[in-house]
Amino acid sequence: MTPDLGADSARRYPPRACPRLSERAVTVGPVSGSGGAGPGVGGVQGTLDDLGTPLRGVTFVVVDLETTGGSASASSITEVGAVKVRGGDVLGEFQTLVRPGEPIPIFIQVLTGITNAMVAQAPRIESVLPAFLEFARDSVLVAHNAGFDVSFLKEAARATGHPWPGFRVLDTVHLARQLVMKDESRNHKLSSLAVVFGATTIPDHRALHDARATVDVLHGLLERVGNLGVHTLEELSSYTSRVTPAQRRKRFLAEHLPPLPGVYIFKDERGRPLYVGTSRNIRARARSYFTASEQRSRMAEMVGLATSIQPIVCQTILEAQVRELRLIAAHKPRYNRRSTRPERVIWVKLTHERFPRLSIVREVKPDGARYLGPFRSRRSAEAAVAAVHEVVPLRQCTGTLSPRSNRSECALGQMGRCGAPCSGRQTAEEYASVVGDAVGLLTGDARPVTDALLARMAALSEQERFEDAGTVRDRLLHLVRAAARTQRIAPLAASPHIVAARRADPGGWELVCVRFGRLAGTSVSPPGADPMVYVRTLCATAEVVEPPVHPAPAATPEETEIILRWLESPGVRIVELDGSWSCPVGGAGGVRALLDHGRSGDVAAFDRDLVAAG
């Protein structure tokens, strides 16, 4: 029976065509560097949040404190001075002495001119702090060496039981270090910067005077960053000299991108993809490459070569993730490091012959053999094979054996690590019982092999051969990871058709069609609509997928694993299922989590935990 997806209205919407996820569907007209959206995204109006907060509209509260010492936990505030400004205009000032809970040291009195007599009748911080927080409400706090002042204010809030509002904080020292060169000022002290920017108030270690001087320094710094193209609070907050002027000048590449989920492609002057990424907000993510939030040096190099950014808007995040993988595999952009060689996967094959053996191969073929994997490297595949050979006496010779084989017995046979079918000592029927354990590992019940490996680890630990036990543990980890991956992917790869649904954030449903482990189509039903109308349209328009060679999926294993994570996420409902989707009760997944958790721990204790867990 088809499950109810919660259609909550009698309104009906006409079916909307669902684009297929074939390779043809991912080609969207390029977006020129000077603007203009590609097909399907024209006319998207960005919100004010997407555009950023203009600095001329930001309310800054420039604050300065005088204290009895340098530690917020061991010293007290003696004076608070603050100036509220917006758009270059002064909106108000705040100034008060504060009576500390301790005497003011003599050297502090000399430095600031604030004596014990001056603060004897001053209000306590318990009454000063609420007044200051109200004065600074909904503003950006600014201070020179902001970490010092903010730490005292936070400590005062904690001590008086007032919640800290979580102000956005701007430090003029940080900005000055990026913008004021040594040939202008020998240091970045407030007194030196006040001279550089021609402050009308001379800082003298009195809170309000220093705050007024900091206002002039702030305005001078804002003028400089404005000349460098920084015009919003978000850009100012992430400003750093690590971002070159050339990098900043290319921000216009992202200005006309849509604030929607999807894939973005940085391209060079010849239209070749340099980098492919995905985001819930294409515009915001692309803009971050031109600010200090992007700290990867190779990305700065990539931005220097980019002349355009192409957006591909997607209906769901899952679709965006899959498109990203396919585009990276198709174009192999020079600045993408992962997923560029999806074809380079490794499988472990249990051969289909009279006396099967394990073999490492690069391709799944319709040869009747059983396969384990995929592995991401040959080294991990070799470790998994070694783990099986540790406890299952499969033959390791590479030749084909016939019933009449009568070779001399190899060293492994003499050591009892193999039944020596090559010499005729072991019959095909006797060897088949050995193969059964390996088949169980690949197809369902992994417990005989994993239990034998755990027992082997325990024996080595009792002999205090901890290094050897650790080697067995690491091999077991590679084996169990691959077996768990096989047992998760194989049922999905064998299912001709699955449709699943999950509630969308604004309402309605995200709909996904999966065929043989490949994302064949996706759609979104709007709030209030009958989702089954969209399910039928999705099924009719989804990509036709040819059956793959089992257990490999019709997509890359990485794509299938992304789909699996989505299917297993909370709130997903299976709408249609052609095939069977299950994992074996005694499968490798039951022990994988324990292995991952205990990999770096003590071998003996780790082994005991696994045995206790059954």
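Residues numbered from 1 in each chain as written. Predicted model: local features only at pLDDT ≥ 70, side-chain atom pairs only at ≥ 80, totals over all residues. Heavy atoms only, no water.

1. Structural notes on the overall build of the protein chain
Under the convention used in this document: Secondary structure counts use DSSP, requiring at least four H or I residues in a row for a helix and at least two E residues in a row for a strand, with both numbered from the N terminus. Residue burial is assigned from relative accessible area. The probe radius is 1.4 Å, only protein chains are included, and a residue is buried under 20% of its type maximum, exposed over 50%, and partly exposed in between. We call two residues in contact whenever any of their non-hydrogen atoms come within 4.5 Å of each other. The Shrake-Rupley method, run with a 1.4 Å probe, gives the accessible areas here. Residue values count only the displayed protein chains as cover.
Regarding its fold elements, the protein chain presents 23 helices and 15 strands. When each of the 614 residues of the protein chain is scored for burial, the buried share is 52%. Sequence-distant contacts, at least 24 apart, represent 67% of the contacts inside the protein chain between residues at least 6 apart. Within the structure as shown, the protein chain displays about 29300 Å² of accessible surface, and the carbon and sulfur contribution to it stands at 51%.

2. Some thoughts on the confidence of the model for the protein chain
Spelled out, the test is: Per residue, pLDDT measures the predictor's confidence, with a range of 0 to 100.
Of all residues in the protein chain, 78% attain a pLDDT of 70 or more, and the chain-wide mean is 80. pLDDT under 50 marks residues 1–51. Its contacts with residues more than four places away, or in other chains, come to 109 contacts. Low pLDDT, under 50, characterises residues 598–614; the stretch is placed with 24 contacts to residues that sit more than four places away or in other chains.

3. Focus on unusual backbone geometry
Residue Pro 374 is reached from Gly 373 by a cis peptide bond, and omega for that bond is 5 degrees. The peptide bond linking His 550 to Pro 551 adopts the cis configuration, its omega dihedral lying at 10 degrees. Its place among the elements puts Pro 551 in the loop between helix 20 (531–541) and helix 21 (557–567). A positive phi angle, near 60 degrees, is found at Asp 138, a position not held by glycine.

4. What to know about the sheet that holds strand 11 (residues 370–375)
Note the following rule: The pairing criterion for strands is at least two bridges between them, as found by DSSP. Helix axes use the C-alpha atoms of the stretch in contact, all axes being lines fitted to C-alpha atoms, and the angles between their N-to-C directions lie in the range 0 to 180 degrees.
Here we have three strands laid out as an open sheet, ordered 10-9-11, and antiparallel in their pairing. Edge positions in the sheet fall to strand 10 (358–361) and strand 11, since each of these pairs with one other strand and no more. Direction aside, the axes of adjacent strands within the sheet are offset by 20 degrees on average. Across the face of the sheet, helix 15 (residues 378–391) comes into contact with strand 9 (346–350), strand 10 and strand 11 while running at roughly 175 degrees to strand 10.

5. A word on the state of the cysteines
Defined as follows: Two cysteine sulfurs form what is called a disulfide whenever their separation falls within 2.5 Å.
Counted according to the given criterion, the structure contains zero disulfides. Summary of cysteine pairing: Cys 513 is not part of a disulfide, and the nearest cysteine sulfur, belonging to Cys 539, is at 5.4 Å. Residue Cys 513 is classed as buried on the basis of its relative accessible area of 0%.

6. Remarks on the pairing of strand 14 (residues 518–525)
For strand 14, a buried count of eight out of eight residues is recorded, marking the element as mostly surrounded by other parts of the structure. As defined by bridge partners, strand 13 (residues 509–515) adjoins strand 14 across seven bridges and the pair is classed as antiparallel. Looking at the pairing, Arg 515 lines up with Arg 518 of strand 14. Where strand 13 hands over to strand 14, the hairpin turn is made up of two residues, of which Phe 516 adopts a positive phi near 55 degrees.

7. With respect to the pattern of salt bridges
One side chain can pair with another of opposite charge once the charged atoms of both are near each other. Where we set the bar: Each salt bridge in this description consists of a side-chain nitrogen of Lys or Arg and a carboxyl oxygen of Asp or Glu lying within 4 Å of one another.
Under the defined criterion, the tally for this structure stands at 22 salt bridges. When the shortest N-O distance is used, the salt bridge between Glu 353 and Arg 395 registers 3.3 Å. Placement of the pair is Glu 353 in the loop between strand 9 and strand 10 and Arg 395 in the loop between helix 15 and helix 16 (411–414), with a sequence separation of 42 residues. Residue Glu 353 is classed as partly exposed on the basis of its relative accessible area, which comes to 27%. Among the residues examined, Arg 395 registers a relative accessible area of 1% and is labelled buried. Through salt bridges with shared partners, a single network forms among Glu 134, Arg 137 and Asp 138.

8. Structural notes on the side chain of Arg 283
Note the threshold: Under the rule applied, a polar contact is a pair of N or O atoms within 3.5 Å (in protein, one hydrogen donor and one hydrogen acceptor; residues adjacent in sequence only if both atoms are side-chain atoms).
Positionally, Arg 283 belongs in helix 12 (residues 282–288). Its relative accessible area of 4% is what places Arg 283 among the buried residues. Looking at Arg 283, its side chain comes within polar contact range of the main-chain oxygen of Glu 255, at 2.9 Å.

9. Overview of the environment of Leu 233
Along the chain, Leu 233 falls in helix 9 (residues 233–237). For the pair Leu 233 and Thr 53, spaced 180 residues apart in sequence, the C-alpha separation works out to 5.4 Å. Among residues more than four places away in sequence, those in contact with Leu 233 are Thr 53, Leu 55, Val 58, Val 140 and Arg 168.

10. Let's talk about the nonpolar core
Quick note on the threshold: Side-chain atoms within 4.5 Å link the members of a nonpolar core, which is a set of buried Ala, Val, Leu, Ile, Met, Phe, Trp, Tyr and Cys residues.
Grouped together as the largest cluster of nonpolar side chains are 32 residues, with contacts concentrated most on Phe 375, Leu 394 and Leu 479. Contributing elements (two or more residues each) for this core: strand 9, strand 11, helix 15, helix 17 (428–443), helix 18 (447–462) and helix 19 (466–493). If you tally residues by element for this core, the top one is helix 19, at seven residues.

11. Some details on the sheet that holds strand 14
Spatially, four strands are ordered 14-13-12-15 in an open sheet, and the strand pairing comes out antiparallel. Each end of this open sheet is capped by a strand with a single partner; those strands are strand 14 and strand 15 (573–578). Between one strand axis and the next, the sheet turns through 15 degrees on average, direction left out of account. One ladder, built from six bridges, connects strand 12 (residues 497–503) with strand 13; its direction is antiparallel. The partner of Ile 498 across the bridge, within strand 13, is Val 514.

12. Focus: the side chain of Glu 543
Within the secondary structure, Glu 543 is located in the loop between helix 20 and helix 21. Assessed through its relative accessible area of 12%, Glu 543 is described here as buried.

13. So, the packing of helix 18 against helix 19
To keep things clear, this is the line we draw: Any angle from 65 to 115 degrees is called roughly perpendicular, while one under 35 is roughly parallel, one over 145 is roughly antiparallel, and all others are oblique. The crossing is said to be left-handed when, going from far helix to near helix, the turn is anticlockwise and less than a right angle, and right-handed when the turn is clockwise. The classification used treats Ala, Val, Leu, Ile, Met, Phe, Trp, Tyr, Cys and Pro as nonpolar, Asp, Glu, Lys and Arg as charged, and all other residues, Gly among them, as polar.
Between helix 18 and helix 19, whose axes approach to 8 Å, the crossing angle comes to 165 degrees. In terms of axis orientation, helix 18 runs roughly antiparallel to helix 19. As helix 18 runs across helix 19, the sense of the crossing is left-handed. Contact residues: Val 449, Thr 450, Leu 453, Leu 454, Arg 456, Met 457, Leu 460 and Ser 461 in helix 18; Phe 466, Asp 468, Ala 469, Val 472, Arg 473, Leu 476, Leu 479 and Val 480 in helix 19. Here the residues of the contact of helix 18 with helix 19 are counted per class, giving eleven nonpolar, two polar and three charged.

14. Considerations on the packing of aromatic side chains
Convention followed: For this analysis, a ring pair means two rings from Phe, Tyr or Trp (six-membered ring only for Trp) whose centres lie within 6.5 Å, classed as stacked if their planes differ by under 30 degrees, edge-to-face if by over 60, and tilted for the remaining angles. By definition, being over a ring means that NZ of Lys or CZ of Arg is both within 6 Å of the ring centre and within 35 degrees of the ring normal.
All told, the structure shown has eight aromatic pairs when counted by the stated rule. Centroid distance Phe 94 to Phe 132: 5.8 Å. Interplanar angle 70 degrees. Geometry classified as edge-to-face. Note that Phe 94 is positioned in strand 3 (residues 89–97) and Phe 132 in helix 4 (residues 125–135), a separation of 38 residues in sequence. Comparing Phe 94 with Phe 132, the two get one shared label, buried. An angle of 75 degrees between the planes, with centres 5.3 Å apart, marks the rings of Trp 164 and Phe 167 as edge-to-face. Between the NZ or CZ atom of Lys 84 and the centre of the ring of Phe 135, over which it lies, the distance is 4.7 Å.

15. Details of helix 4
Put simply, the test is: The directions from the helix axis to the C-beta atoms are what the arc is built from.
Listing the buried residues of helix 4 in full gives Ile 125, Val 128, Leu 129, Phe 132, Leu 133 and Phe 135. Viewed end-on, helix 4 has its buried residues packed into an arc of 155 degrees, placing them on one side of the element.

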